[in-house]
Amino acid sequence: MQRIAGWWDGFELWVAGLPFIPQFLVVLVGMVPISFAIAFLLDRGLRVVFRVLRRDERAEPMPVVAERPSVGSGVR
């Protein structure tokens, strides 16, 4: 674990020492795929949990109730 922590500390120091634009690009290239992977895994995991809890069935749609037009709308 110490080796991983040491490597990560060195990587952080390297990124922090870069000028802003390269620093932004390095973080962007790393974080966008990781964020998509986390979102994908959460989506799949929650889908499985909802299936196990039998909550995956779609709820019955609510009936649409026609609203009365507001005063001054010109509709009679």
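Calculation criteria
- Position numbers for residues start from 1 in each chain and track the written sequence from start to end.
- Since the coordinates come from a predicted model, pLDDT governs what is reported: local features require at least 70, and pairs of side-chain atoms require 80 or more to be given and counted, while whole-chain, interface and lining totals use all residues.
- Hydrogens and water are ignored here; the side-chain numbers use all heavy atoms of the structure.
- The term salt bridge refers to a side-chain nitrogen of Lys or Arg lying within 4 Å of a carboxyl oxygen of Asp or Glu.
- Note on conventions: DSSP H or I runs of at least 4 residues are helices, E runs of at least 2 residues are strands, and numbering of each starts at the N terminus.
- Exposure is judged per residue with a 1.4 Å probe applied to protein chains only, and the accessible area is read against the type maximum: over 50% gives exposed, under 20% gives buried, and values in between give partly exposed.
- Only residues whose relative accessible area exceeds 30% and that form no salt bridge are eligible for patches; like-charged ones are grouped when within 9 Å, while nonpolar side chains (Val, Leu, Ile, Met, Phe, Trp, Tyr) are grouped when within 5 Å.
- Only the protein chains shown count as cover for residues, and all accessible areas are computed by the Shrake-Rupley method using a 1.4 Å probe.
- We call Phe, Tyr and Trp rings a pair once their centres come within 6.5 Å, taking the six-membered ring for Trp, and we label the pair stacked below 30 degrees between planes, edge-to-face above 60, and tilted otherwise.
- Points on a 1 Å grid over protein atoms alone make up a cavity when a 1.4 Å probe fits among them but cannot get out, and a pocket when they form an open set with protein on both sides within 12 Å along at least five of seven lines; lining residues each have an atom within 4 Å of a point.
- Grid points are joined across faces, edges and corners, and a volume is the space filled by probe spheres set on the points.
- Asp, Glu, Lys and Arg are counted as charged, while Ala, Val, Leu, Ile, Met, Phe, Trp, Tyr, Cys and Pro are counted as nonpolar; the rest, among them Gly, fall into the polar class.

A. Here's a closer look at the pattern of salt bridges. Taken as a whole, this structure holds one salt bridge when the rule is applied. Asp-43 is paired through a salt bridge with Arg-47; the nearest N and O atoms lie 3.3 Å apart. Remark: Arg-47 and Asp-43 occur in helix H2 (residues 20-52); sequence separation between them is four residues, near one turn of the helix. Overall, Arg-47 belongs to the partly exposed group, its relative accessible area being 35%.

B. Inspection of a nonpolar patch on the surface at higher detail. Among the surface-exposed residues, Val-27, Met-31, Ile-34, Ile-38, Leu-42, Leu-46, Val-48, Val-49, Phe-50, Val-52 and Leu-53 lie close enough to one another that they form a single nonpolar patch of about 1,000 Å² accessible area. Here Leu-46 is to be found in helix H2.

C. Examining the packing of aromatic side chains more closely. Within this structure, the stated rule accounts for five aromatic pairs. Between the aromatic rings of Trp-8 and Phe-11, the centroid separation amounts to 5.6 Å while the plane-to-plane angle is 35°, which identifies the pairing as tilted. With Trp-8 and Phe-11 both in helix H1 (residues 2-17) and three residues apart, this pair spans about one turn of that helix. By relative accessible area, which is 42% here, Trp-8 ends up partly exposed.

D. The arrangement of the layout of surface pockets in detail. Here the largest pocket defines a volume of roughly 200 Å³. For the lining of the largest pocket, the secondary structure elements donating two or more residues are H1 and H2. When residues of the lining of the largest pocket are assigned to their parent elements, the largest contribution, six residues, is made by H2. Classifying every residue of the lining of the largest pocket by side-chain character gives eight nonpolar, one polar and one charged.

As far as function goes, none of this settles anything; it's purely spatial.
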